[in-house]
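Chain by chain, the residues:
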Amino acid sequence: MNDANVHMQLIWLRSDLRLLDNTALSAAAARGPTVAVFLLSPQQWREHDDAPCKVDFWLRNLEVLSRALGQLNIPLLIRNAPHWDDAPAVLLELCRQLQVDTVHLNEEYGIHETRRDAAVARTLKAEGIEVRRYLDQLLFKPGSVLTKTGTYFQVFSQFRKVCYERLHHSLPGLVRTPAPQAPLNIASDAIATQVEGFEVPPQSLRDLWPAGEEEARRRLDSFTDVQIDYYQSERDFPAKPGTSQLSAYLAAGVISPRQCLHAALQCNQGEFESGKIGAVTWINELLWREFYKHILVGYPRVSRHRAFRPETEALAWRNAPEELAAWQQGRTGLPIIDAAMRQLLETGWMHNRLRMVVAMFLTKNLLIDWREGERFFMRHLIDGDLAANNGGWQWSSSTGTDSAPYFRIFNPLSQSVKFDADGLFIKHWLPQLSGLDKKAVHDPAHLGGLFGVADYPAPIVDLNTSRARALAAFKNLPPRQTAGSHHE
Ligand SMILES: Cc1cc2nc3c(=O)[nH]c(=O)nc-3n(C[C@H](O)[C@H](O)[C@H](O)COP(=O)(O)OP(=O)(O)OC[C@H]3O[C@@H](n4cnc5c(N)ncnc54)[C@H](O)[C@@H]3O)c2cc1C
């Protein structure tokens, strides 16, 4: 297909569905004529509980990316590798067919991802094909931000301090966008509009998350132009558009953390730990994203859905399928919880404050295993990300690193009054409560008797007794064990 002197390059796209600031793509194109490939792996995706709306988002972004790559004469091929175990053979065949010299990929960090990439590298190397990996999804390579004794940080503020030092020293730069290459005479594959087993989400959900780098950039620019200044004061109020809503784009790699960091620095005169409080706080969140991915590598048991704090594995979680179903379907009788769960089901996204509130409610008031919540979130989130989701769930359930102390249990009613004072968020998602005043809307059960809302359930749990039950369960745990890292 190509002459013997041409060194054909293959970029294997995964969670880096963009043209701009894509390290592996840029490196591939700099070395020679480049072809891109994406693997469809529905069996693996099902094992990972990837949400149908997330798979749909990948496909829609691939469609846009294929057109953008086409303008550079880089064909995008689609291959089926139902399980990641199939990836080595599928890629080997493609490399042989195209006489590929080097495969380029941006690193991914879960256990399965790491194993897959090692197997692919072994198989290709045996055939004389080189695999080059790049740091792209993160600002710092996992294993490069360590304590003085060489272990992974378990406390976010200490991790962040070292990140700040590193950023002062050298800021990760953006990589070059590839120039158009000579046409290759290889046609791009059509992008499927659906993958079997993952239903297409309603158009109303799709419309909330338009595909493509331009949309991601538009969000980033409009956020950093204005909203970032109010981020610190507005980010906790779910009725306000106070956050960037970039998580789906970051998770699929439609935008890079470097692009986000640079945009935030630009509106704060290059400062990340001083200057505008909004920008500093937002960069702090980008570092939480970073932290949880480092934790995933440093403490691989969290990648296997094991508790970061081993002693919490002994917790007497309740088996309460009906209460779990009520939580999942947004009919617990606690408006802020139910409104949040409706937001998740209808939009594929939930506000961060509410993710914490519903996660605490499930794991503390209902005393249901955090893994149930983690899985349900993953099955519905368009931004579902193993590290951030696991980190968030283990934070909320007090089983994780640097997590909420078990005795500091959020009261959903106080959270509701504090962060949705006028009940606007609740009324949007639970219109049957729209007639209630701003006091009653948080707790319609309190109206009692005749004044109750006809089609709204009574709370499934008493907040005081369930809080006491959770405290007792956590108190009974054996003493804290020190968390081991790599060697487990
Ligand atoms: C129980 C629970 C589960 C979560 N699951 C996920 C998940 O699957 N995927 C996901 O991306 N985030 C998850 N988060 C973190 C956070 O809720 C979302 O990143 C955030 O709500 C996304 O909205 P945004 O893009 O407007 O965020 P912004 O407030 O604008 O933040 C910018 C970016 O920083 C990152 N970020 C922000 N907060 C966090 C955080 N606490 N941890 C890690 N990264 C963060 C995200 O990439 C986000 O897009 C979870 C949090 C909790 C408490």
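Visitor: Sorry if this is basic, but what is going on with the overall build of the protein chain here?
Guide: Tallying secondary structure elements over the protein chain gives 20 helices and five strands in all. Expected size for 488 residues packed as a compact globule is a radius of gyration near 23 Å; at 24 Å, the protein chain falls within 12% of this value. Projecting the C-alpha coordinates of the protein chain onto the three principal axes gives extents of approximately 85 × 50 × 45 Å. When the 488 residues of the protein chain are sorted by exposure, 57% land in the buried category. Intrachain contacts of the protein chain at a sequence separation of at least 6 include 78% that bridge at least 24 residues.

Visitor: When you look at the sheet that holds strand E1 (residues 8–13) in this model, what are you seeing that I'm missing?
Guide: Two pairing modes exist for strands in a sheet, parallel and antiparallel, and in both the strands are linked by backbone hydrogen bonds. The sheet built from five strands is open, its strands ordered E3-E2-E1-E4-E5 with parallel pairing. With partners counted over all chains shown, the strands left at the sheet margins are strand E3 (76–80) and strand E5 (130–134), one partner each. Neighbour to neighbour, the strand axes of the sheet diverge by 30° on average, direction disregarded. Two elements, strand E4 (residues 100–106) and E5, share five bridges in a ladder whose sense is parallel. The partner of His-104 across the bridge, within E5, is Arg-132. Here helix H5 (residues 111–126) sits on the sheet and contacts E1, E4 and E5; the angle it forms with E5, its principal contact strand, is near 150°.

Visitor: Looking at this structure, how should I read the site of the ligand?
Guide: In the neighbourhood of the ligand, 27 residues make up the surrounding shell, with Tyr-231, Thr-243, Ser-244, Gln-245 and Asn-352 lying closest. Taking Ser-247, its main chain carries an N or O atom lying 2.9 Å from an oxygen atom of the ligand. Taking 810 Å² as the accessible area of the ligand by itself, protein coverage stands at 95%. Going through the elements one at a time, helix H10 (247–251), helix H12 (277–298), helix H15 (352–365) and helix H17 (386–396) are the ones with two or more residues in the shell around the ligand. For the shell around the ligand, the residue count by class is 14 nonpolar, eight polar and five charged.

Visitor: Whenever I open this one, the pattern of salt bridges confuses me. Can you help?
Guide: For side chains of opposite charge, pairing can occur when their charged atoms come near one another. Here the structure, examined in full by the defined rule, presents 30 salt bridges. The residue Glu-285 makes a salt bridge to Arg-235 at a minimum N-O spacing of 2.9 Å. Taken together, the residues span a long stretch of sequence, with Glu-285 in helix H12 and Arg-235 in the loop between helix H9 (231–234) and H10 at a distance of 50 residues. Glu-285 gets classed as partly exposed once you look at its relative accessible area, which sits at 25%.

Visitor: What am I meant to see in H12 here?
Guide: Residue pairs three or four apart in sequence face the same way in an α-helix, which turns once every 3.6 residues. The terminal C-alpha atoms of H12, which comprises 22 residues, lie 31 Å apart, in line with the 32 Å expected from a rise of 1.5 Å per residue. Most of H12 is tucked away, with 19 of its 22 residues classed as buried.

Visitor: Hey, could you run me through helix H20 (residues 463–475) in this one?
Guide: Between its first and last C-alpha, H20 extends 18 Å over 13 residues, near the 18 Å set by a 1.5 Å rise per residue. Along H20, the residues that are buried comprise Leu-463, Ser-466, Ala-470, Leu-471, Ala-473 and Phe-474. One side of H20 holds all its buried residues, which, seen down the axis, span an arc of 165°. Pointing more than 90 degrees away from the buried face of H20 are the exposed residues Asn-464, Thr-465 and Lys-475. Summarising the contacts, the buried residues of H20 are in contact with H15 and helix H18 (412–419). Where H20 begins, the side chain of Asp-462 points an oxygen toward the backbone nitrogen of Asn-464, at a separation of 3.1 Å.

Visitor: Is there a simple way to think about the nonpolar core in this case?
Guide: A general trend in soluble globular proteins is that nonpolar side chains are found buried together. Residues Trp-282 and Trp-327 are the most contacted members of the largest nonpolar core, which totals 128 residues. Counting residues per element, this core draws most heavily on H12, which supplies 11 residues. Sequence-distant contacts of Trp-327, defined by excluding residues within four places in its chain, comprise Thr-332, Ile-337, Met-341, Val-358, Phe-361, Leu-362, Leu-366, Gly-373, Phe-376, Phe-377 and Trp-393. Counting 25 residues, the second-largest nonpolar core is a separate cluster that includes Val-35, Val-37, Leu-39 and Leu-105.

Visitor: How do you make sense of the packing of aromatic side chains when you look at a structure like this?
Guide: Scanning the model with the defined rule gives 26 aromatic pairs in all. Plain terms: the ring middles of Trp-209 and Trp-349 are 6.5 Å apart, the flat faces sit at 50° to each other, and that makes the pair tilted. Taken together, the residues Trp-209 in the loop between helix H7 (203–208) and helix H8 (213–225) and Trp-349 in the loop between helix H14 (335–347) and H15 connect sequence positions 140 residues apart. Here the two residues Trp-209 and Trp-349 agree in accessibility, since each one is buried. Above the ring of Trp-84, the side-chain terminus of Arg-116 is found at 4.2 Å from the ring centroid. Sitting over the face of the ring of Phe-237, Lys-240 holds its NZ or CZ atom 5.4 Å from the ring centroid.

Visitor: Explain the packing of H14 against H15 here, please?
Guide: If you want to describe how two helices pack, look at the angle between their axes and the distance between the axes. It is the contact of H14 with H15, at a shortest axis distance of 10 Å, that shows an interaxial angle of 120°. Crossing handedness for the pair H14 and H15: left-handed. In this structure, H14 uses Ile-336, Ile-337, Ala-340, Met-341 and Gln-343 to contact H15, whose residues at the interface are Leu-354, Val-357, Val-358 and Phe-361. Considered class by class, the residues forming the contact of H14 with H15 number eight nonpolar, one polar and no charged.

Visitor: Can you walk me through the packing of H15 against H18 in this structure?
Guide: The N-to-C vectors of H15 and H18 enclose an angle of 170°; their axes lie 10 Å apart at closest approach. Considered as vectors, H15 and H18 are oriented roughly antiparallel to each other. On H18, the residues that touch Arg-353, Val-357, Phe-361 and Asn-365 of H15 are Pro-412, Gln-415 and Phe-419. A class-by-class count of the residues in the contact of H15 with H18 yields four nonpolar, two polar and one charged.

Visitor: Honestly, the side chain of Arg-235 in this entry has me stumped. Any pointers?
Guide: We classify Arg-235 as buried; its relative accessible area is 17%. Not counting the four nearest positions on each side in its chain, Arg-235 is found in contact with Tyr-230, Gly-242, Thr-243, Thr-281, Glu-285, His-351 and Asn-352.

Visitor: Help me understand unusual backbone geometry, please; the structure alone is not making it clear to me.
Guide: One can expect most non-glycine residues to show negative phi and most peptide bonds to be in trans. With phi around 65°, Asn-185 is a residue other than glycine that occupies positive phi space. Structurally, Asn-185 can be placed in the loop between helix H6 (156–169) and H7.

Cut-offs applied
- Residues numbered from 1 in each chain as written.
- Predicted model: local features only at pLDDT ≥ 70, side-chain atom pairs only at ≥ 80, totals over all residues.
- Heavy atoms only, no water.
- Helix = DSSP H or I, 4+ residues; strand = E, 2+ residues; numbered from the N terminus.
- Rg over C-alpha atoms; globule rule 2.2 N^0.38 Å.
- Buried < 20%, exposed > 50% of the residue type's maximum accessible area, 1.4 Å probe, protein only.
- Contact = heavy atoms within 4.5 Å.
- Pairing = 2+ DSSP bridges.
- Axes fitted to C-alpha atoms, helices over the stretch in contact; angles between N-to-C directions.
- Near = heavy atom within 4 Å.
- Polar contact = N/O pair within 3.5 Å; in protein donor to acceptor, adjacent residues only side chain to side chain.
- Areas by Shrake-Rupley, 256 points an atom, 1.4 Å probe, with all protein chains shown as cover.
- Nonpolar A, V, L, I, M, F, W, Y, C, P; charged D, E, K, R; others polar.
- Salt bridge = Lys/Arg side-chain N within 4 Å of Asp/Glu carboxyl O.
- Expected span 1.5 Å × (residues − 1).
- Arc of directions from axis to C-beta.
- Core = buried A, V, L, I, M, F, W, Y, C linked by side-chain atoms within 4.5 Å.
- Phe/Tyr/Trp six-rings, centres within 6.5 Å; stacked < 30°, edge-to-face > 60°.
- Lys NZ or Arg CZ within 6 Å of the ring centre and 35° of its normal.
- Left-handed = near helix turned anticlockwise from the far one by under 90°.
- Parallel < 35°, antiparallel > 145°, perpendicular 65-115°, else oblique.

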